[in-house]
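Inside the fold
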Amino acid sequence: MHGDKRATPAQSKALKELTGLIGKGHIGGRTLCCLIGTQGSGKTWLAKYISSQDEFGQVRYISANEIILDLFTRDPIFAEVFDFNALLITADLKRYGNRLRKAVHDLIAEQLLSDGLTILDHLELVFALGMDPVTTWYNDAVGKKRILLVLTGRMSGQLCRCGQYTLTRGDQPIVELEARYYATHEGNV
């Protein structure tokens, strides 16, 4: 955000949409929502800004990539991941299979608020692990738990593309944060 503490027009628009979808009054049933945008569009700034907004109630921000990298570092079973060839990492990770995916899910699920909004940001690594963030945390977003998944990607028609992956989606809403204002608009609202 160029050091500013106010939202750009694109972020303000996304914030308004998110308030209507995952604000503190939206509980019961499943409350899972995605915020997507290109790299540098201001997703992380917006996700952290939401924590200070009364409309969302209690909020916890979690950087999923940090949890995953910490797991690889401290668990000797997964530590060899750092020695994998970058071109073959997807194939190498398959040998860990469900054990790795379950460990990541459980570590993050332990931190989900039971009554509030949990924001899972920086989810790029979950795709490399063979996980789809929507299906992974879909069952956790029940009752008073609300989850916002923050992903680097873009909408292509009804498909949400995150790098080379297509996000599996059911009925959960996706809010797209467009970056076009950064190139043409330096002012803030």
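Here is a short report on the structure shown in this document. None of these values were measured; they are calculated from a predicted model.

Scanning the protein from N- to C-terminus turns up eight helices and eight strands. Relative to the globule expectation of 16 Å for 189 residues, the C-alpha radius of gyration of the protein, 17 Å, shows essentially globular dimensions. With respect to the principal axes defined by its C-alpha atoms, the protein has extents near 50 × 40 × 30 Å. Evaluated residue by residue, the protein yields a buried proportion of 43% over its 189 residues. Look at the contacts in the protein between residues 6 or more apart in sequence, and 75% of them connect residues 24 or more apart. Surface accessibility of the protein: about 9,700 Å² in total, with carbon and sulfur atoms responsible for 51%. Charge centroids of the protein, computed over 22 positive and 21 negative side chains, lie 4 Å from each other.

A separate point is the packing of helix H1 (residues 9-22) against helix H2 (residues 43-50). Following both chains from N to C, one finds H1 and H2 inclined at 45°, their axes separated by 11 Å at the closest point. When the axes of H1 and H2 are compared, the pair comes out oblique. Two packed elements cross with a definite hand, and for H1 against H2 that hand is right-handed. Residues Gln 11, Ala 14, Leu 15 and Leu 18 of H1 form the contact with H2, whose own contacting residues are Trp 45, Leu 46, Tyr 49 and Ile 50. Residue composition of the contact of H1 with H2, by class: seven nonpolar, one polar and no charged.

Turning our attention to the environment of Asp 106. With respect to the element layout, Asp 106 can be found in helix H5 (residues 97-109). A sequence separation of 81 residues divides Asp 106 from Gly 25, and the C-alpha atoms of the two residues are 27 Å apart. In this structure the side chain of Asp 106 is engaged in a polar contact, spanning 2.5 Å, whose partner is the side chain of Lys 102. Separated by 3.0 Å, the side chains of Asp 106 and His 105 make a polar contact.

Glancing now at the side chain of Arg 146. Within the secondary structure layout, Arg 146 lies in strand E4 (residues 145-152). A polar atom in the side chain of Arg 146 sits 2.6 Å from the backbone oxygen of Ile 22. Of note is the side chain of Arg 146, whose polar atom sits 3.2 Å from the backbone oxygen of Phe 56. For Arg 146, the contacting residues outside a window of four places in its chain are Ile 22, Gly 23, Lys 24, His 26, Ile 27, Thr 31, Phe 56, Gln 58, Gly 116, Leu 117 and Thr 118.

Bringing the pairing of strand E6 (residues 159-162) into the picture now. Burial along E6 is one-sided: Cys 160 and Cys 162 are buried, and none of Leu 159 and Arg 161, which face the opposite way, are. Between strand E5 (residues 154-156) and E6, which pair antiparallel and follow one another directly, the connecting turn spans two residues, one of which, Gly 157, has a positive phi of 70°. A loop of two residues connects E6 with strand E7 (residues 165-166), the two strands running antiparallel in sequence, and Gly 163 in this loop sits at a positive phi of about 65°.

Looking now at the sheet that holds E6. As summarised here, the arrangement of the three strands in space is E5-E6-E7, forming an open sheet in which the pairing is antiparallel. On the outer flanks of this sheet lie E5 and E7, each paired with one strand and no other. Relative to E7, E6 runs antiparallel, the two sharing two bridges. Across the sheet, Cys 162 pairs through a bridge with Tyr 165, a residue of E7.

Parameters and conventions
Within each chain, residue numbers correspond to sequence positions counted from 1 in written order. Local features are withheld for residues below a pLDDT of 70 in this predicted model, meaning they are given only at 70 or higher, and side-chain atom pairs are given and counted only at 80 or more; totals for whole chains, interfaces and linings count all residues. Heavy atoms from the whole structure form the basis of all side-chain values; hydrogens and water molecules are not counted. To qualify as a helix, a DSSP run of H or I must reach at least 4 residues; to qualify as a strand, a run of E must reach at least 2; elements of each kind are numbered from the N terminus. With C-alpha atoms as the basis for the radius of gyration, the globule rule is written as 2.2 Å multiplied by the number of residues raised to the power 0.38. The cut-offs for exposure are 20% and 50% of the maximum accessible area for each residue type, with area from a 1.4 Å probe on protein chains only; residues under the lower value are buried, those over the upper are exposed, and the others partly exposed. Note on contacts: a residue pair qualifies if any of its non-hydrogen atoms lie within 4.5 Å across the two residues. All accessible-area figures derive from a Shrake-Rupley calculation using a 1.4 Å probe, and residue coverage is judged against the displayed protein chains alone. Only four residue types enter the tally: Lys and Arg on the positive side, Asp and Glu on the negative side; His and the chain ends are excluded. Here the site of a charge means NZ on Lys, CZ on Arg, CG on Asp, or CD on Glu. Helix axes are fitted to C-alpha atoms over the stretch in contact, other axes to C-alpha atoms as well, and angles between N-to-C directions run from 0 to 180 degrees. Angle categories are assigned with fixed cut-offs, so that under 35 degrees is roughly parallel, over 145 is roughly antiparallel, 65 to 115 is roughly perpendicular, and the rest are oblique. Should the near helix be turned anticlockwise from the far one by less than a right angle, the crossing is termed left-handed; should it be turned clockwise, right-handed. Lys, Arg, Asp and Glu make up the charged group, whereas Ala, Val, Leu, Ile, Met, Phe, Trp, Tyr, Cys and Pro make up the nonpolar group; the residues left over, Gly among them, are polar. Counting of polar contacts relies on pairs of N or O atoms within 3.5 Å, with two restrictions inside protein: one atom must be capable of donating a hydrogen and the other of accepting it, and residues adjacent in sequence are counted only when both atoms are side-chain atoms. Pairs of strands are assigned from DSSP output, requiring at least two bridges between the strands.

None of this, on its own, says anything about what the molecule does.
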